[in-house]
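One-letter residues, chain by chain:
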Number of protein chains: 2
Amino acid sequence: MPVPPAAEPAKTGPSRREQILAAAAELFARHGFHGVGIDDIGSAVGISGPALYRHFRSKDAMLGEMLTSISEELLDGGLARISSATGAQEALGDLVRFHVDFALDNPSLITVQERNLGNLTDPDRRKVRALQRRYVEAWVEVIRDAVPAIPEPTARAAAHAVFGLINSTPHSRHLDRDQMADLLTAMALTALVHTPVS
Amino acid sequence: MPVPPAAEPAKTGPSRREQILAAAAELFARHGFHGVGIDDIGSAVGISGPALYRHFRSKDAMLGEMLTSISEELLDGGLARISSATGAQEALGDLVRFHVDFALDNPSLITVQERNLGNLTDPDRRKVRALQRRYVEAWVEVIRDAVPAIPEPTARAAAHAVFGLINSTPHSRHLDRDQMADLLTAMALTALVHTPVS
DNA sequence: GCGAACGGTTAGCGGTCGCTAACCGCCCTG
DNA sequence: CAGGGCGGTTAGCGACCGCTAACCGTTCGC
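This section reports on the structure supplied with the text. Being a predicted model, the structure only gives us computed values, none of them experimental. (Residues numbered from 1 in each chain as written. Chains lettered and ligands numbered in written order. Predicted model: local features only at pLDDT ≥ 70, side-chain atom pairs only at ≥ 80, totals over all residues. Heavy atoms only, no water.)

Many authors give the size of an interface as the accessible area that is lost as the parts come together. On the chain B side, the residues contacting the 32 residues of chain A number 32 residues. Approximately 2,600 Å² of surface area, both sides summed, lies buried where chain A meets chain B, with 72% of it carried by carbon and sulfur atoms. Of all residues in chain A, the largest losses of buried area upon contact with chain B belong to Arg115, His174 and Met187 of chain A, amounting jointly to 20% of the total for that side. Applying the counting rule to chain A against chain B returns 0 salt bridges. When contributions to the side of chain A that touches chain B are tallied by element, the ones reaching two or more residues are α5 (107-115), α7 (152-167) and α8 (177-194) of chain A. A per-class count over the side of chain A that touches chain B returns 15 nonpolar, 14 polar and 3 charged. (Contact = heavy atoms within 4.5 Å. Buried area = accessible area lost by both parts, 1.4 Å probe. Salt bridge = Lys/Arg side-chain N within 4 Å of Asp/Glu carboxyl O. Helix = DSSP H or I, 4+ residues; strand = E, 2+ residues; numbered from the N terminus. Nonpolar A, V, L, I, M, F, W, Y, C, P; charged D, E, K, R; others polar.)

Bringing the relation of the copies chain A and chain B into the picture now. With an RMSD of 0.0 Å, the operation that places chain A on chain B is a rotation of 180 degrees combined with a shift of 0.0 Å along the axis. The two molecules are tied by a two-fold rotation axis, judged by turn and shift. Among all residues of chain A, the one whose C-alpha sits closest to the rotation axis is Leu165 of chain A, at a distance of 2.1 Å. Comparing interface residues between copies, 100% of those in chain A also sit at the interface in chain B, which points to an isologous, same-surface contact. (Least-squares fit on C-alpha atoms with pLDDT ≥ 70 in both.)

Our focus in this paragraph is the side chain of Asp124 of chain B. All names here are of chain B. Topologically, Asp124 is positioned in helix α6 (residues 122-146). Among buried Asp, Glu, Lys and Arg side chains, Asp124 stands out as unpaired, with Lys127 the closest opposite charge at 4.8 Å. Excluding its chain neighbours within four sequence positions, the residues that come into contact with Asp124 are Asp60 and Gly64. (Buried < 20%, exposed > 50% of the residue type's maximum accessible area, 1.4 Å probe, protein only. Lys, Arg positive; Asp, Glu negative; His and termini not counted.)

Enumeration according to the criterion identifies 20 salt bridges over all chains in this entry. For Arg177 of chain A, the salt bridge identified is with Asp178 of chain A, shortest N-O distance 3.3 Å. On the accessibility criterion, Arg177 of chain A (28% relative accessible area) is partly exposed. Glu26 of chain B is the partner of Arg30 of chain B in a salt bridge, and the nearest nitrogen-oxygen pair spans 3.0 Å. In this pair, Arg30 of chain B and Glu26 of chain B both sit in helix α1 (residues 16-31), 4 residues apart, roughly one turn of the helix.

A few words now on helix α1 (residues 16-31) of chain A. Residue and element names in this part refer to chain A. For α1, with 16 residues, the first-to-last C-alpha span of 22 Å sits near the 22 Å given by 1.5 Å per residue. Buried within α1 we find Ile20, Leu21, Ala23, Ala24, Ala25, Leu27, Phe28 and Ala29. Buried positions along α1 lie against α2 (38-44), α3 (59-84) and α5. (Expected span 1.5 Å × (residues − 1).)

Before going further, it helps to examine α1 of chain B. Next to the buried residues of α1 of chain B lie α2 (38-44), α3 (59-84) and α5 (107-115) of chain B. Once α1 of chain B ends, the next one or two residues include Gly32 of chain B, with phi positive near 85 degrees.

On to the packing of aromatic side chains. All names here are of chain A. Overall, the coordinates contain 8 aromatic pairs over all chains when judged by the stated rule. Here Phe28 and Phe33 contribute two aromatic rings whose centre-to-centre distance is 5.1 Å and whose plane-to-plane angle is 65 degrees, an arrangement assigned as edge-to-face. You'll find Phe28 and Phe33 in the same group, each marked buried. Put simply, the rings of Tyr135, Trp139 and Phe163 touch in pairs and so form one group of aromatic residues. The lysine or arginine in question, Lys59, covers the ring of Phe33, its NZ or CZ lying 4.2 Å from the ring centre. (Phe/Tyr/Trp six-rings, centres within 6.5 Å; stacked < 30°, edge-to-face > 60°. Lys NZ or Arg CZ within 6 Å of the ring centre and 35° of its normal.)

Time to look at the protein's contact with DNA strand C. Inspection of the region around DNA strand C gives 15 residues, with Ile38, Tyr53 and Lys59 of chain A together with Arg16 and Arg54 of chain B positioned closest. Among all atoms of DNA strand C positioned within 4 Å of the protein, those belonging to sugar or phosphate total 50%. Separating a phosphate oxygen of DNA strand C from a side-chain N or O atom of Lys59 of chain A is a distance of 2.6 Å. A distance of 2.4 Å separates a phosphate oxygen of DNA strand C from a polar side-chain atom of Arg16 of chain B. (Near = heavy atom within 4 Å. Polar contact = N/O pair within 3.5 Å; in protein donor to acceptor, adjacent residues only side chain to side chain.)

What follows is the structure, given as structure tokens:
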């Protein structure tokens, strides 16, 4: 019975592409890139299978666009926080809070970025890695400004550790959103600023 | 040309099963469970494809055994550290150091446990989750003993955050092993013990 | 010294997956 | 009101994947 889907009432919320990316992110986060089929993504947005190819060139392109845009958003947001801050301490606080908010509000995107970088095509991976490197670099500079005598490799390792701490978010959910944000921000800043030796 | 493989010279290192599990863990960590084929695992240990079924009932069984044994090892090691410690502070320090050492010495196992829990069969996942829950419970008790007025849900969330911090290890590698261990241990303990409010 | 068990091999089956082809109805524009 | 583009549909192709079948050489206990 070929019932035409009777085009839903205007509403014009997020575009089809964005809908698809959100659904795919959710699925990739839960089952892994190769554990999700084209048909799974399609039916998650109410269309079926190959219709996705009206919006994306391939499944790889979906992952690529997903990870590229999240990396750009993190980098842009991070740089904005840094340049609007007045001192190194404030910059570090803003950076942490920004990352915490992003992770809490986009848990599946964060999960996908953490787990599925290796499933990108080579050109996409290069692009995403470049963006990530710039983001880490920004963190490292701020940390070195805020923490007196910390060596550069230590600052880099500490930055990665703090990313791990903050990004652990999607796997817990024992506190409500704002308590969680406060806890993660406090723990991250404490670990960065008050850890001896460093 | 059916050349018989000429059985390598005794040597009797790790058993075949262990070899296979180690190779599979490495591959699962890098490409994801569904991104790795039976033939990939086989050729990583020098045999080819279906020979794996002389050692494991299925690909799922490999993942199941991998995650079960790592969860048991963590739980057993954690409980041992707790019961051999004299006070709450010491127990927490030992627990952190134990987890840090484990993560640094078994990066791909840690990665697989973090990322591929969802690819387990239902019975395996139940078993692994039960073991993990007991491990987290042990941490929560120690944290509540060591940190005066911390509420239980906060302690739980903080434990997960610290796991994230420590398990971020495989993705960095800017310091040598021992410096990394010291840094992660110090950051984790600082975050747990010196974060205000908590 | 024989036979079973062990741990390999290759061939191939059935199912799934990414993607293309071919088609179609709706809506907008000239 | 013709026609093109947009965003859907189903059918199906070719490749790959997990796993089994059938076979075989080596080793070891009796």
